[in-house]
Amino acid sequence: MTNHEYDMVWIHYKLVRKPKNEGEGVIMNVGILAKLYRQARMAIMEDTHDVDANCDGPDLDFVYSDVDSYQNEIAELYSYTEFSEFQMNVKAFEDQMELYDLPPNWQKQDATSQRSIVMKLVDQLEVSDRSFRMQAARCILYLAQGCWAEVQSDEEQHQNTRDNVIVLYQLGVFSSFIDLLNMEIETACSPDIVAVKITNVTLVDSTDIRVILSVLYIITETIRDEREKGSEDYKQLAESFVQEINSPLPDGELLAVKLLGMITRFCSGAAPQFPMKKVVLLLWKVSLLGLGGMDVLKNLKNEYRAKVGLEPITEDTLEVTKCMRASSPPATATDILENQYPKRNFKRSLMKQRFLDEPEQIDMEMSGNEGGPNANNGNSSTGTGSGNGEDELSQYYRPFDDPSASTSGNSNNSTATANPNNQPSHMQPPVAVPAVQITPRLPWTPKVRQKDIDQFLDISRNKFIGYSLIGDHESLAGLPQPIHEGFKTLQRHMYVSLADMQIKKEEDIARNPISTHEDEIKLTPAEILYQAILPNLPQYMIALLKVLLAASPTSKSKTESINIMADVLPKKMPLTATQSTKLTVDMGRHKEIIVKAVSAIILLYLKHFKINHVYQFEFMSQHLVFANCIPLVLKFFNQTITEYVNTKNSIPLLDFPSCVIGEQPDLSGDSFVYGGEMSDKPYSWRNVFSCINLLRILNKLIKWKHSRVMMLVVFKSAPILKKTLKVRHAMMQLYVLKLLKMQTKYLGRQWRKSNMKTLSAIYAKVRHRLNDDWAFGNDLESRPWDFQAEECTLRACVDRFNLRRYPEATQKCGAGGGVGSGNNGTAAQNAENAQQSNMHAGNGSGDRDSNGYGNNGSSAGGGGGGVGNNSSGQQNQQLHDYGVEGGFPSDEILTHSDFAFFGHSGWWDRKVELTDYFKANYAVWLEEEVYNSQTDWDAL
């Protein structure tokens, strides 16, 4: 047996039983190891037929990247119901060219004439007549779309778009359309419009703003794509464009902040006609181009690490997972009954035992029926030869082992398992195994934190010497030699993160604010964005999550507080079956695109803020947690995820530009079927992309946060996440296994005993922490944790950081300002209630609504902030009794345990108006609260 196999058997032994004393342990080791060895052999043959029968086809060839192909990204901008508007663009262009006494053919114009036409159109955008202004906007949209009426192929259209975007941007079209967007926002949010309750919003209500957003999106996406390709024509133009979107607009706002404000207004009900799909798509591409994608993130991380004296990162998760192959999904009880029962005549009690990889086979072994389940193999497997056992056990764990193993190993696996006792066939695999290097190593270099090394030394000192040295990280005096070797091994694998250095710097500043030198704040794109969104960040996070919830396939329409279908639904409902089918597909496609864009935005912000400064990341992540992001993501995955991944809500014949170039076929039922089969991939790219993004967001929110890990446990996330393992994609499985690993120690021994296949996959695919007792649950961190104190301490550190670096923005954030925020606009009104409501709600609590949120509500804008508001009235009344008018802003954590942190929250320098009642009774208050109050200053 290899080292890996011994490790897996040892894990299984530890989970099944722990000896009460050392003598019993020696006896139990031999007996249980022998028994587990036989069980593993038996499981190999059955898993080959049963578990593999549940696999949903081969591994997905999905390659994770920042965006999909340019053609798909442009096609997703338009809904299928917008098809008729393409002809309106051509008509506007022809009318405009007739007005200029020019032939209605763009390609026949020379470069000078083209620039002259664009300049006239830009001037026309500034006229007061709305219809005249929008006619010029449609002409420019037609140019940005590549003058598709004059070409015969998609390649020609793409080349025209590429050439026209250069001219449009150089002549100031982008800035002019930003001004048009501002006008539309002001018009939509004017008091006269808001006073009229808009109901039954349809595609017609957002016609003009969709034209503006489409032009902005095409310019942004084209420049992003050409910059990614390294096009020389776009090099200087792209640099200028990136600088423009990272700089404030004339009104002082970033474009990204303006778009976030549109989402907030939409969610608050102030502007229900805003086309959310186009807004979030444009926000995503503007943020991606302004901040940078995966390559920029990787370079930034190594650059920042070098500045603080840390070594660069050599292992990249995305690169490592490209070499991994997906694990066979764990079989569920339903799958096992469906696949096994017709084939076998086992008694029902044994069928119930067959969960995942059969942890118990005692009945089978005692009845001498080991060969029974494999009757179709022709031979029994009762032999105990070491050669057979090693080979079979190796093949049993092979799907979870080295990610660099080639796919050719699969054929060897099936061959050897089909006839395990055939000696000649058994001698074949050892020839191929050394070539592909299956078992020598794991995919990741193990890591250990300084905290773990200190804990190891502290335990060793107390055990062998009987004393502890607080703050001593190196002294080994009096410790035995094996401890010295273990300490050297831990030090060799110690990893210091960039976040650790940033936190240490903040602690030094807080401890010695005068003597500690603080570096100058560098205005990076992430820093500029953070400063811009800080005053209203809670509202923005709630708005994004509300849009994500409304677009989730598991949400029910009757519970949606916002209508994200406003830019899909036509004014006249479909009358024929074909039209109904097209609208149904379009609505599903619309939701998928929104989920894709919103998940990408949140993940992009989290990653950039974490590199820029960890407390910026923590501030955003806390507001996401307080707004119930964790149960929302779990709710998203509480579906048949394999169906969601494989669902293709698209009709290629209706995608732009195919829908307008060439002869258009009759859209009958056959066309829909043909359109669905035109794709050569058995999955939906955007759906796999969305799932991975949401899993990565969940990982970032929960990692190293014990209180949030417990939320996963309380919400019963393990069964939901296990279903996601059925998607045969290595990267998606990796992030699911990480989430399962975090909570394994809290799930109990019986769960671990029944899920050995999942634990094996975690062992083989997730990075090891050398002294992390994740599989057994007997370390200190698995004990009850003070969840409230953990979140409050983190919030205090974040508030202190924000107040020191951004005092004005922090006070604005504390005041709960922002568009559509109302009186309760922020997300973190009461951390204690948020945590407790989440903890007590569970996964099936009767107090929870169908959206997976607690009964305290999750509305943004004027209605609330994503967490409970029940206690805020009592708190405000209590503060009012003390003479503080209006109470403190609702986004502060107002619990008794948090008043100790008020020195860091910024309220000490706030002007407070005292009431007449307080002034009249000041002497009484002074006597009771000051003179008669005994303070233990040492304890304080």
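Structure: above.
Residues numbered from 1 in each chain as written. Predicted model: local features only at pLDDT ≥ 70, side-chain atom pairs only at ≥ 80, totals over all residues. Heavy atoms only, no water.

Novice: So what's going on with the overall build of the protein? Residues and values would help.
Specialist: A tally of regular secondary structure across the protein gives 44 helices and zero strands. In the protein, buried positions account for 55% of the 940 residues. For the protein, the proportion of contacts with a sequence separation of at least 24, taken over those separated by at least 6, is 80%. In the structure as shown, the protein presents an accessible area of about 41700 Å², 53% of it carried by carbon and sulfur atoms. (Helix = DSSP H or I, 4+ residues; strand = E, 2+ residues; numbered from the N terminus. Buried < 20%, exposed > 50% of the residue type's maximum accessible area, 1.4 Å probe, protein only. Contact = heavy atoms within 4.5 Å. Areas by Shrake-Rupley, 256 points an atom, 1.4 Å probe, with all protein chains shown as cover.)

Novice: So what's going on with the packing of aromatic side chains? Residues and values would help.
Specialist: One pass over the structure, following the stated rule, counts 26 aromatic pairs. Considering the side-chain rings of tryptophan 284 and phenylalanine 689, the 6.0 Å spacing of their centres and the 35° angle between planes classify their relative orientation as tilted. Residue tryptophan 284 is found in helix α13 (residues 276-291), and its partner phenylalanine 689 is found in helix α33 (residues 685-702); the two are separated by 405 residues along the sequence. Tryptophan 284 gets classed as buried once you look at its relative accessible area, which sits at 2%. A relative accessible area of 2% places phenylalanine 689 in the buried class. Taken together, the ring pairs in this structure connect Tyr78, Phe86, Phe93, Trp106, Tyr142, Trp148 and Phe656 into an aromatic cluster. (Phe/Tyr/Trp six-rings, centres within 6.5 Å; stacked < 30°, edge-to-face > 60°.)

Novice: Break down helix α10 (residues 207-229) for me, citing the residues and quoting the values.
Specialist: With 23 residues, α10 extends 33 Å between its outermost C-alpha atoms, agreeing within 8% with the 33 Å of an ideal straight helix rising 1.5 Å per residue. The positive-phi residue at the C-terminal boundary of α10 is glycine 230, with phi of around 75°. (Expected span 1.5 Å × (residues − 1).)

Novice: I'd like a description of unusual backbone geometry, backed by residues and values.
Specialist: Cis geometry is adopted by the peptide bond preceding proline 657, which originates at phenylalanine 656 and carries an omega value of 5°. For proline 657, the location among the structural elements is in the loop between α31 (641-646) and α32 (669-677). Although it is not a glycine, asparagine 628 sits at a positive phi angle of roughly 65°. Turning to its location among the elements, asparagine 628 is positioned in the loop between α29 (614-626) and α30 (629-637). Under the relative-accessibility criterion, asparagine 628 is labelled buried at 4%. If you check the backbone angles, tryptophan 704 has positive phi at about 65° while not being a glycine. Of note, tryptophan 704 is situated in the loop between α33 and α34 (706-714).

Novice: Any chance you could break down α33 for me, citing the residues and the numbers?
Specialist: Here α33 contains 18 residues, and its C-alpha end-to-end distance of 26 Å stays within 8% of the 26 Å for a straight helix at 1.5 Å per residue. Among the 18 residues of α33, 18 are classified as buried, and the element is accordingly described as predominantly covered.

Novice: Tell me about the packing of helix α14 (residues 294-307) against helix α28 (residues 577-612), and name the residues and values.
Specialist: α28 packs onto α14 with a crossing angle of 15° between their chain directions and a minimal axis gap of 10 Å. Between α14 and α28, the angle is such that the two are roughly parallel. As α14 packs across α28, the resulting crossing turns out to be left-handed. Across from Leu297, Leu300, Lys301 and Tyr304 in α14, the residues of α28 making contact are Lys607, His608, Ile611 and Asn612. Grouping the amino acids of the contact of α14 with α28 by side-chain chemistry returns four nonpolar, two polar and two charged. (Axes fitted to C-alpha atoms, helices over the stretch in contact; angles between N-to-C directions. Parallel < 35°, antiparallel > 145°, perpendicular 65-115°, else oblique. Left-handed = near helix turned anticlockwise from the far one by under 90°. Nonpolar A, V, L, I, M, F, W, Y, C, P; charged D, E, K, R; others polar.)

Novice: Explain the pattern of salt bridges to me, using residue names and the numbers behind them.
Specialist: Overall, the coordinates contain 37 salt bridges when judged by the stated rule. Residue glutamate 184 is joined to arginine 130 by a salt bridge in which the shortest nitrogen-to-oxygen separation is 2.8 Å. Placement of glutamate 184 in helix α8 (residues 173-188) and of arginine 130 in helix α6 (residues 130-144) is noted, with a sequence separation of 54 residues between them. Its salt-bridge partner being lysine 705, residue glutamate 618 comes within 3.0 Å of it at the nearest N-O pair. You can see glutamate 618 sitting in helix α29 and its partner lysine 705 sitting in the loop between α33 and α34, a full 87 residues away along the chain. (Salt bridge = Lys/Arg side-chain N within 4 Å of Asp/Glu carboxyl O.)

Novice: Account for the packing of α33 against helix α36 (residues 730-743), naming residues and giving values.
Specialist: One can describe the packing of α33 onto α36 by two numbers: an axis separation of 9 Å at closest approach and a directional angle of 30°. Considered as vectors, α33 and α36 are oriented roughly parallel to each other. Classified by chirality, the crossing of α36 by α33 is left-handed. Together, Val688, Cys691, Ile692, Leu695, Arg696, Leu698, Asn699 and Ile702 of α33 and Met731, Met732, Tyr735, Val736, Lys738, Leu739 and Met742 of α36 make up the contact between the two elements. Classifying every residue of the contact of α33 with α36 gives twelve nonpolar, one polar and two charged.

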